[in-house]
Amino acid sequence: VQLQASGGGLVQAGGSLRLACAASGRTFNIYSMAWFRQAPGKEREYVAGITWRGGYPDYVDSVKGRFTISRDNAKITVYLQMNSLKPEDTAVYYCAVRNSYALEYEYWGQGTLVTVSS
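By convention here, each chain's residues receive numbers from 1 onward along its written sequence. This being a predicted model, a pLDDT of at least 70 is required before a residue's local features are given, and a value of 80 or more before pairs of side-chain atoms are given or counted; all residues contribute to the totals for chains, interfaces and linings. Water and hydrogen atoms play no part in the side-chain values, which are based on all heavy atoms of the structure.

Structural notes on the overall build of the protein chain
At step 1: Each helix and strand in the protein chain was counted, giving zero helices and eleven strands.
At step 2: Starting at the N terminus, helices and strands are each numbered in turn, a helix being any DSSP run of H or I of at least four residues and a strand any DSSP run of E of at least two. Starting at the N terminus and ending at the C terminus, the protein chain contains elements arranged as β-β-β-β-β-β-β-β-β-β-β.
At step 3: Seen along its three principal axes, the alpha-carbon backbone of the protein chain occupies a region of about 40 × 25 × 25 Å.
At step 4: Residues counted as buried form 44% of the 118 residues belonging to the protein chain.
At step 5: Residues are treated as being in contact if the distance between any of their heavy atoms lies within 4.5 Å. Within the protein chain, counting contacts between residues at least 6 apart in sequence, those at least 24 apart form 51% of the total.
At step 6: Surface accessibility in these figures is a Shrake-Rupley result with a 1.4 Å probe; residues are shielded only by whichever protein chains are displayed. Here the protein chain has roughly 6,300 Å² of accessible surface; of this, 48% comes from carbon and sulfur atoms.
At step 7: The charged-residue count follows a simple rule in which Lys and Arg add positive charge and Asp and Glu add negative charge, with His and chain termini not counted at all. In plain terms, the charge of a residue is placed at NZ if it is Lys, CZ if Arg, CG if Asp and CD if Glu. Each charge class in the protein chain was averaged separately, 12 positive and 9 negative side chains, and the resulting centres sit 6 Å apart. Per-residue accessibility, obtained with a 1.4 Å probe over protein chains only, is compared with the maximum for each type, and a residue is labelled buried under 20%, exposed over 50%, and partly exposed between these values.

Right under this line is the structure:
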């Protein structure tokens, strides 16, 4: 599975951005897709995920009510709508795929930088 992320950029606090991640290749076993992020000097953390068939979303507490994850099955693309952005949301955002036979996310995109200025 190959993943191509896009949509990062520079935005002021309180603003919005929409990330997209398109999957290609052997995508028929996708169980879920997710977004992770890694801020400078910090470990990578899970942000949000969505199951591919049922579309059930899941969020880390710090983004609940601000971020929305969605997917387009036809385009094999997952989106992350980020509203009310805060400087602490600044990070490189990665999309990832977990296949149905896997226990962890095993395919990763190249990352897209989100910078939120105060």
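Overview of the sheet that holds strand β1 (residues 2-6)
Backbone hydrogen bonds hold the strands of a sheet together, and the pairing may be parallel or antiparallel.
At step 1: With antiparallel pairing, four strands are arranged side by side in an open sheet as β1-β3-β8-β7. Since the sheet does not close on itself, it has two edges, and those belong to β1 and β7 (67-72), each with one partner. The sheet shows a mean angle of 15° between the axes of neighbouring strands, taken without regard to direction. When DSSP locates at least two bridges between a pair of strands, those strands are taken to pair. Only C-alpha atoms enter the line fits that serve as axes; for helices the fit covers just the stretch in contact. Angles between N-to-C directions range over 0 to 180 degrees.

Thoughts on the nonpolar core
At step 1: Put simply, buried Ala, Val, Leu, Ile, Met, Phe, Trp, Tyr and Cys residues joined by side-chain atoms within 4.5 Å make one nonpolar core. By size, the foremost hydrophobic cluster in this structure holds 30 residues, and its most contacted members are M33, W35, L80, M82 and Y93.
At step 2: Apart from the residues within four sequence positions on either side, M33 is in contact with L3, C21, A23, A48, G49, I50, W52, I69, V78, A96, V97 and Y105.

So, the environment of S16
At step 1: Turning to its location among the elements, S16 is positioned in the loop between β2 (9-12) and β3 (17-24).
At step 2: Once residues within four sequence positions are removed from consideration, S16 is found in contact with V11, Q81, M82, N83, S84 and L85.
At step 3: Identification of polar contacts relies on pairs of N or O atoms within 3.5 Å, with a donor-acceptor requirement for protein atoms, meaning one able to donate a hydrogen and the other able to accept it, and with residues adjacent in sequence counted only if both atoms are side-chain atoms. Polar contacts involving the side chain of S16 include one to the side chain of N83, which spans 2.9 Å.

Re the packing of aromatic side chains
At step 1: Pairs were defined over the aromatic rings of Phe, Tyr and Trp, the Trp ring being its six-membered one, requiring ring centres within 6.5 Å. Orientation was assigned from the angle between planes: stacked under 30 degrees, edge-to-face over 60, tilted for the rest. Here the structure, examined in full by the defined rule, presents three aromatic pairs.
At step 2: One aromatic cluster in this structure is built from F36, Y46, Y105 and W108.
At step 3: Both a distance and an angle decide whether a charge sits over a ring: NZ of Lys or CZ of Arg must be within 6 Å of the ring centre and within 35 degrees of the ring normal. Directly above the aromatic system of Y79 lies the positively charged group of R18, at a separation of 4.0 Å from the ring centroid.
At step 4: R44 extends its terminal NZ or CZ atom over the ring of W108, reaching a point 3.8 Å from the ring centre.

Brief notes about the pattern of salt bridges
At step 1: We define a salt bridge as a contact between a side-chain nitrogen of Lys or Arg and a carboxyl oxygen of Asp or Glu at a distance within 4 Å. Across all of its chains, the model carries four salt bridges by this definition.
At step 2: A salt bridge links D89 to R66, with the nearest nitrogen and oxygen atoms 2.7 Å apart. Of this pair, D89 sits in the loop between β8 (77-82) and β9 (91-99) while R66 sits in the loop between β6 (57-59) and β7, and the two are 23 residues apart along the sequence. Both residues of the pair, D89 and R66, belong to the buried class.
At step 3: Sharing partners across several salt bridges, the network here consists of R37, E45, R66 and D89.

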